[in-house]
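Single-letter residue listing:
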Amino acid sequence: VEQLKTEKLMLNILPRPIADRLKRGEKNISGAYPEVTILFSDLVGFTSMSSKVSATELVKLLNDLFTRFDKRADALGLEKIKTIGDSYMAVGGKFSGQTCTPWHVVSAGLEMQEYIKRRKAEREKEGKFSFDMRVGVHCGPVVSGVVGVMKFQFDIWGDTVNIASRVQSNGEVGEVNISGVTYDLIKDQFDFEFRGSLPVKGKGEMAMYFVRQKTS
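First, a word on scope: everything that follows refers to the structure included in this document. Just so it is clear, the structure is predicted and the values come from calculations on it, not from any experiment.

**Some remarks on the overall build of the chain**
1) Next: A count of helical and extended segments in the chain gives seven helices and eight strands.
2) Next: Its C-alpha atoms give the chain a radius of gyration of 18 Å, near enough to 17 Å, the size a compact globule of 216 residues would have.
3) Next: With respect to the three principal axes, the spread of C-alpha positions in the chain is 50 × 45 × 35 Å.
4) Next: Counted over contacts in the chain with a minimum sequence separation of 6, partners at least 24 positions apart contribute 65%.
5) Next: Surface exposure of the chain reaches about 11800 Å², of which carbon and sulfur atoms provide 52%.
6) Next: One finds the centroid of the 31 positive side-chain charges in the chain at a distance of 4 Å from the centroid of its 27 negative side-chain charges.

**A short note on empty space enclosed by the protein**
Unoccupied space between atoms shows up once a probe the size of one water molecule is rolled over them.
1) Next: Taken as a whole, this structure holds one cavity of 30 Å³ or more when the rule is applied.
2) Next: As for the largest cavity, its lining consists of Lys 60, Leu 61, Asp 64, Leu 65, Tyr 115, Arg 119 and Phe 131.
3) Next: Contributing elements (two or more residues each) for the lining of the largest cavity: α4 (55-75) and α5 (102-125).
4) Next: The element that contributes the greatest number of residues to the lining of the largest cavity is α4, accounting for four residues.
5) Next: In terms of residue class, the lining of the largest cavity is built from four nonpolar, no polar and three charged.

**Some details on the pairing of strand β2 (residues 79-84)**
1) Next: In terms of strand pairing, β2 meets strand β3 (residues 87-93) through five bridges, oriented antiparallel. By the bridge assignment for β3, Glu 79 is matched with Val 91.
2) Next: Where β2 folds back onto β3 in an antiparallel hairpin, the turn is made up of two residues, including Gly 85, whose phi is positive at roughly 65°.

**A word on the packing of aromatic side chains**
1) Next: If you walk through the whole model with that rule in mind, you get nine aromatic pairs.
2) Next: Taking the centre distance of 5.5 Å and the plane angle of 35° together, the rings of Phe 66 and Tyr 88 count as tilted. Of this pair, Phe 66 sits in helix α4 while Tyr 88 is found in strand β3, placing the two residues 22 residues apart along the sequence.
3) Next: An aromatic cluster is present here, built from Tyr 183, Phe 190, Phe 192, Phe 194 and Tyr 209 joined pairwise through their rings.
4) Next: Over the face of the ring belonging to Phe 129 we find Lys 52, whose NZ or CZ atom lies 5.6 Å from the ring centre.

**Comments concerning the side chain of His 138**
1) Next: With respect to the helices and strands, the residue His 138 is situated in strand β4 (residues 132-147).
2) Next: Here His 138 falls in the buried class, since its relative accessible area comes to 4%.
3) Next: Contacts of His 138, omitting those with residues within four sequence positions, involve Val 36, Thr 37, Ile 38, Thr 160, Ile 163, Ala 164, Val 167, Ser 179, Val 181, Thr 182 and Met 206.

**Observations concerning the pattern of salt bridges**
1) Next: The full count for this structure, using the stated rule, is 18 salt bridges.
2) Next: Of the charged contacts, one joins Arg 24 and Glu 26 as a salt bridge, the two residues approaching to 3.4 Å between their closest N and O atoms.
3) Next: Residue Glu 193 is joined to Arg 212 by a salt bridge in which the shortest nitrogen-to-oxygen separation is 2.7 Å. A residue pair is termed long-range when its members are at least 10 positions apart, and Glu 193 in strand β7 (residues 191-200) and Arg 212 in strand β8 (residues 204-212) qualify at 19 residues.

Rules and cut-offs
Position numbers for residues start from 1 in each chain and track the written sequence from start to end. Reporting in this predicted model follows two pLDDT cut-offs: at least 70 for local features of residues, and 80 or more for side-chain atom pairs to be given and counted; totals over whole chains, interfaces and linings ignore these cut-offs and use all residues. In computing side-chain properties, one takes all heavy atoms of the structure into account and sets aside hydrogens as well as water. Runs of E in the DSSP output that reach at least two residues are strands. Runs of H or I that reach at least four are helices, and both are numbered from the N terminus. Only the C-alpha atoms count toward the radius of gyration. The rule for a globule is 2.2 Å times the residue count to the power 0.38. The contact definition used throughout considers only heavy atoms, calling two residues in contact when any of these lie within 4.5 Å. Surface exposure here means Shrake-Rupley accessible area, sampled with a 1.4 Å probe, where a residue is shielded only by the protein chains that are shown. This count recognises Lys and Arg as positive and Asp and Glu as negative, with His and chain-terminal groups excluded. By convention, the charge on Lys lies at NZ, on Arg at CZ, on Asp at CG and on Glu at CD. Throughout, the protein atoms alone are placed on a 1 Å grid, and a set of points is a cavity if a 1.4 Å probe fits but cannot get out or a pocket if it is open with protein on both sides within 12 Å along at least five of seven lines; lining residues have an atom within 4 Å of a point. Grid points are joined across faces, edges and corners, and a volume is the space filled by probe spheres set on the points. Under the convention adopted here, Pro, Cys and the residues Ala, Val, Leu, Ile, Met, Phe, Trp and Tyr are nonpolar, Asp, Glu, Lys and Arg are charged, and Gly plus all remaining residues are polar. A pair of strands is considered paired only if DSSP assigns at least 2 bridges between the two. Side-chain rings of Phe, Tyr and Trp, where Trp is taken by its six-membered ring, are said to pair if the distance between their centres is within 6.5 Å; with planes under 30 degrees apart they count as stacked, over 60 as edge-to-face, and otherwise as tilted. We call a charge positioned over a ring when the NZ of a Lys or the CZ of an Arg lies within 6 Å of the ring centre and within 35 degrees of the ring normal. Exposed residues in this analysis have more than 50% of their type's maximum accessible area, buried residues have under 20%, and partly exposed residues fall in between, with area computed by a 1.4 Å probe over protein chains only. Basic side-chain nitrogens of Lys or Arg form a salt bridge, by our definition, when they fall within 4 Å of a carboxyl oxygen of Asp or Glu.

This is the structure we're talking about:
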């Protein structure tokens, strides 16, 4: 029973292939992935709301929200990497024993936005504070690994991660903003609104698009 508990705990922290490598006694675990799709989300208005509600309600809101995101990410084959405050990061690709395409990642982002919109409408109807969300998606190579000894963490790094974060911050509330690289991979699978080329810190200008579910 204790072994099963430990196994479940490890899989709540690490992707299964990484957990298996740790159990075999490997150290300095790292990996390189030539093509993944990264999703970043960030809640807008959450900081101001945090000063207007109790700590208990705030944590419950975040837990309910991220639990729902976790379930949809898992159902679509994404691997959750971490939460950073009120931001959520997940990755898809041939990453953790599952083959998750850019379509799955963008679909997850669209579902997340729809949930946020419904939740906001419900809370506003009850006269409660709520928030919006931005979502950004970008594709490219990353490296990964397990770092630290105390509260060790599996993480991913690389230019792709930085650009995905910039794509998110260049988005707008209620939208899924994607890079031109991502657009080229899914251009036949969704409808889009071309936003032009927007400045990305350290990268110059990059083409970006808002994604829409196909209407026909």
